[in-house]
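So the chains spell out like this:
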Amino acid sequence: MRKILFAILFLNLCSVSAQDLIIDYNQLSDEVLKQINSHRKTLKLGELKEDPILFKAAQDHSIYMNEENNLSHEQMVIDKKFPKDRIKYYQGNDFNVFGENVLYTTIDVKHYSKTDILALAKKVFIQWKRSPPHYRNMISKDYELAGIAFSFDKKTRRLYATNVFGAKGVVIPNQLSNNAFGLSEKSIYCKNVDLGDQIHIGNGLRVEGDDVILYYYDIEKFKRIFKDPSDAIAIDFIEENQFQCASKNNFDVSPIYDGVLSKPIYRDELLSNNKAKNDFKIITKVGKVPKHLKGKNFTLNMVFIFNNCACEYAVPIDIESRSIALFPIKPIVEIPKNTILSNKGIIKTDEHSFAFERNKIVEKFEDTNEYITNDSFLNVDAISESGIIIEYDALSSENFDEIATNENTTSFSEGKYEEVIEEIEIPFTIINETIHSTQIYSYSSIEGNEDLNQKLYQERAIAIENYGKEHLDIAIKPSKIIAKENWETCYIQLEMENLGELATKSKEEIRNYVNANKTTWNRYLDQQRVSKLIANYYGEIETKNPNNEMYLQFLYEVNLRTGIYEKDYNRANLALAKLYDVTFCSAIFDEIVFSELMTNKKLVQNACAALIKHHHYNHFKTVQFLKHWLNEYDTFNKDTQHNLLNLYCVTNEDLLNTWDVSTTKLANVTKPKSLEDSFELFDNDLNLTANYNYVALYYANHINDSEGTNHYFKEVYSSFKDNIKSSKDRVNLGLFLNHWNAYYKTIPLLKAEMKKPTFSKEEALLLAQTYAARETNENSDDLEYILKKAYQLNKNAWCNWQKENKNLLRNTTVKAEFCKMCN
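Because the structure is predicted, anything quoted here is derived from the model rather than measured.

Draft legend 1. Helix α2 (residues 52–68), seen in detail. Taking 1.5 Å per residue as the helical rise, α2 with its 17 residues ought to reach 24 Å, and the 24 Å between its terminal C-alpha atoms agrees with that figure. Where α2 is buried, its residues meet α3 (83–89), β3 (95–106), β4 (145–153) and β5 (158–168). A positive backbone phi angle near 55° is found at Asn 69, which sits one or two residues after α2.

Structure (structure tokens):
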């Protein structure tokens, strides 16, 4: 889309009457243009050259204004309505940039000598120069050509003047349509889109394979912007070589696009292709990469189409941004007195999982290692240390046969961590290992009727015990058998389906609902039937290095399991407190341990501490723990309450930081508003309060609560701004502000530090990125100073960023500095 700059000026000069006007308009035009070019030269700008087509457009409009006795940029003649129309009328089809200045002045009716013409030309030039909009046209770097023409009205003695500016484009080859898919140019009938919305939508573009995908945070606002079937989005692909330093930007002459325009995708298709998991967001295809551009470097731009008219043109710029981290808060642990840890105890727990089909006991066995994961209930995204995103697949009914087993163990030397451990020298040995005890957890789903379910879970418990004897050589009798309907899992599933109110009803009402909706609940019912055989092994640990972290971790896990099993809760609490200080721990999620943590209030304070450090190893169980104990929040001492709130923040940070959080996942989050009073009790703990506001901000954003988002954003901004202690803190806050598109806060935050000796290269780079992408040409002196500061402190990083964001070179100040400093 093109720049269109119009300016109107009324100029009144003293005059006296005379009979005839004799003036050389060609000479007057030449002299005005000389005045303009002389001034442009002082600014080191290229001269404007006379163009016959622009002259004809200027002459046409001066005559029109004279005839109509009216100063304006519009004509009543449809083919000549606007300056661009008049340029096209005189075959100026290759102009892609244009502008216009007009004025009238009352003059003496006389014979104008060369000296008089020079004086008149100077006065016209000065009046245009003194008017900011006229002046911007005269000194614009975008213009290369001009045409100036006059017309005189004898009756009023007004001299009308028109100066038309322009520059020519080229025809970019390989177009997908020879008429821009029938789109009309921007007109007065176009709907305006707020600049902030243009930025948000434009910056949501991503190339995925051959498709251009749009990520936008508010589907309802999207529907309001694109509300009619004739509203659409098209992508303009601009190749990197269109931004050459040796010449002006090489854009197509089309008034609609600059590069190659993709086929528009209209509202109904945009909405029907939405693949977002969150009901409040939209992720949809908006274009396809043209075949001739595959493998090439190009930039993406977006055309907003309303009523089949190309109305707005968004120019995305990738500005560095990221979410800020929570303030680290160390939990408060209770250290039991007169308690010591032992190197003897339950050294490992093997958990064998069994998946039962509806109404089945035993027919055949399968390895369930690939799909029996606790996280599968929540479908939580995990991010490994290498940055690889892992998505756990949800359990599905086709994965289950009558009964299946999982040899997966949570011990240190077997199971899911075996491959890693084999590469590390283990700094301890285990002696006298023997099986210690077993437990069986046998479940039926809650569907059907209670009597039949009782028969099922009892028979399943027997089948599991027999399987242990026949296939695992476990001859001892189980020390504990829990056999029941799996209501605990069912209640969580109800919340996942936003059926929290139903969860408060009687079991019979819930059972009736599930029985009536078995088809949609199949996956959840499969999960309810997952049962376990737990085998605990006793042994003794020997080490030559008692301070080795791997040994200490294993020692603490042994004491946790043993303390839980032997009901020595001082020993278990000490182990939980120590586990906060180690890098890795999975034993806290062992069935024998976690079952106790879900029922024993004495362990909650220290369990929170351990989970704060290790919650990411099992999000589902951590959420289960939180939901359970937050319901009894008021019964705990203040230290335990503090740890619960701390755990709430760190657990939900992981989930809520994912851009597309499904509505089902959000149901697992205890609503921040419901805990507001609890956090207010710790209002003197500024870091905990800041972390709560952070979680509340992301939650409000995910449910499109704009009022809540604005409120908590201000709270988070204030909290983190007040805690700035270094340039690194300032950069992190700036990145956070950019993450929320709050560029208007990032710029002053960093700009205030620019002239201080402590101003860092990271601050300079971020300020230059944000300022250049958001301030265009309106304050080129300020921009030039900021760019030079960035070059001075961080030239390589700044140049590399510009090379990756060629759209920046639309800004003539940025392009001039880039071409001078980065090539």
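Draft legend 2. Seen up close, the pairing of strand β17 (residues 429–444). Strand direction decides the pairing type here: β17 and strand β19 (residues 531–542), joined by 10 bridges, are antiparallel. For Thr 429, the partnering residue across the bridge sits in β19 and is Glu 542.

Draft legend 3. Seen up close, the pattern of salt bridges. All chains considered together, the criterion is met by 45 salt bridges. A salt bridge links Lys 110 to Asp 116, with the nearest nitrogen and oxygen atoms 3.6 Å apart. In this structure, Glu 485 engages Arg 511 in a salt bridge whose closest nitrogen and oxygen atoms are separated by 2.8 Å. Residue Glu 485 is located in strand β18 (residues 480–485), and its partner Arg 511 is located in helix α13 (residues 507–516); the two are separated by 26 residues in the primary sequence. Each member of the pair, Glu 485 as well as Arg 511, is classed as buried. Each of Arg 358, Glu 447, Lys 518, Asp 526 and Arg 529 takes part in one network of salt bridges that share partners.

Draft legend 4. Broad picture of the side chain of Gln 528. For Gln 528, the position within the fold is in helix α14 (residues 518–528). A polar contact of 3.0 Å, which involves the side chain of Gln 528, links it to the backbone nitrogen of Ile 446. Discounting residues that sit within four places of it in the chain, Gln 528 has contacts with Tyr 443, Ser 444, Ser 445, Ile 446, Asn 486, Thr 489, Cys 490, Gln 493 and Trp 521.

Draft legend 5. Focus on the pairing of strand β13 (residues 309–314). Counting buried positions along β13 gives 6 out of 6 residues, so the element sits mostly inside the fold. As paired strands, strand β12 (residues 298–306) and β13 are joined by 5 bridges and run antiparallel to one another. By the bridge assignment for β13, Ile 305 is matched with Ala 310. Between β12 and β13, which follow one another and run antiparallel, lie 2 residues, and Asn 307 among them has a positive phi close to 55°.

Draft legend 6. Layout of the environment of Ser 437. Tracing the chain through its elements places Ser 437 in strand β17. Taking the C-alpha atoms as reference, Ser 437 lies 8.2 Å from Ile 534; in sequence the two are 97 residues apart. Dropping the residues within four chain positions of it, Ser 437 is found in contact with Ile 476, Ser 479, Ile 534, Ala 535, Asn 536 and Tyr 565.

Draft legend 7. Representation of the nonpolar core. Core analysis: the biggest nonpolar cluster contains 88 residues, and Phe 625, Leu 644, Tyr 648 and Phe 736 have the highest contact counts within it. When residues of this core are assigned to their parent elements, the largest contribution, 9 residues, is made by helix α23 (residues 686–702). Setting aside its immediate chain neighbours within four residues, Phe 625 contacts Phe 594, Leu 597, Met 598, Val 604, Ala 607, Cys 608, Leu 611, Leu 644 and Leu 647. Grouped together as the second largest cluster of nonpolar side chains are 45 residues, Val 731, Ala 768, Ala 772 and Phe 818 included.

Draft legend 8. Representation of the packing of aromatic side chains in the model. Under the defined criterion, the tally for this structure stands at 31 aromatic pairs. Ring plane angle 70° and centroid distance 5.6 Å describe the contact between Trp 629 and Phe 636, whose orientation is recorded as edge-to-face. The same class applies to Trp 629 and to Phe 636, which are both buried. Between Tyr 692 and Tyr 712 the ring centres are 6.2 Å apart and the planes differ by 90°, which places this aromatic pair in the edge-to-face class. A residue pair is termed long-range when its members are at least 10 positions apart, and Tyr 692 in helix α23 and Tyr 712 in helix α24 (residues 706–722) qualify at 20 residues. On the basis of relative accessibility, which here comes to 7%, the residue Tyr 712 falls in the buried class.

Draft legend 9. Summary view of the sheet that holds strand β14 (residues 344–354). Reading across from one edge, β14-β19-β17-β18 is the order of the 4 strands in this open sheet, with mixed pairing throughout. Each having just a single partner strand, β14 and β18 make up the two edges of the open sheet. Adjacent strand axes in the sheet meet at a mean angle of 20°, parallel and antiparallel pairs treated alike. Both β17 and β18 contribute to a ladder of 6 bridges, which runs parallel.

Draft legend 10. Fine view of the environment of Asp 210. Mapped onto the fold, Asp 210 is located in the loop between β6 (205–208) and β7 (211–216). Judged by its relative accessible area of 34%, Asp 210 falls in the partly exposed class. A C-alpha to C-alpha distance of 5.3 Å links Asp 210 and Val 289, two positions 79 residues apart in sequence. Excluding residues that lie within four positions of it along the chain, Asp 210 makes contacts with Gly 287, Lys 288, Val 289 and Lys 294.

Draft legend 11. Quick peek at the sheet that holds β6. One open sheet accounts for 3 strands, arranged β6-β7-β11; its pairing is antiparallel. In the strand order of this sheet, the two ends are held by β6 and β11 (282–288), each with one partner. Neighbour-to-neighbour, the strand axes of the sheet open up by a mean angle of 35°, direction not taken into account. Here 4 bridges tie β6 to β7, and the two strands are oriented antiparallel to one another. The residue of β7 that forms the bridge with Val 207 is Val 212. Against the sheet, helix α6 (residues 195–202) makes contact with β6 and β7, and its axis sits at roughly 130° relative to β7, the strand it touches most.

Calculation rules
- Residues numbered from 1 in each chain as written.
- Predicted model: local features only at pLDDT ≥ 70, side-chain atom pairs only at ≥ 80, totals over all residues.
- Heavy atoms only, no water.
- Helix = DSSP H or I, 4+ residues; strand = E, 2+ residues; numbered from the N terminus.
- Expected span 1.5 Å × (residues − 1).
- Contact = heavy atoms within 4.5 Å.
- Pairing = 2+ DSSP bridges.
- Salt bridge = Lys/Arg side-chain N within 4 Å of Asp/Glu carboxyl O.
- Buried < 20%, exposed > 50% of the residue type's maximum accessible area, 1.4 Å probe, protein only.
- Polar contact = N/O pair within 3.5 Å; in protein donor to acceptor, adjacent residues only side chain to side chain.
- Core = buried A, V, L, I, M, F, W, Y, C linked by side-chain atoms within 4.5 Å.
- Phe/Tyr/Trp six-rings, centres within 6.5 Å; stacked < 30°, edge-to-face > 60°.
- Axes fitted to C-alpha atoms, helices over the stretch in contact; angles between N-to-C directions.

In short, the description is geometric, and any link to function would need to be established separately.
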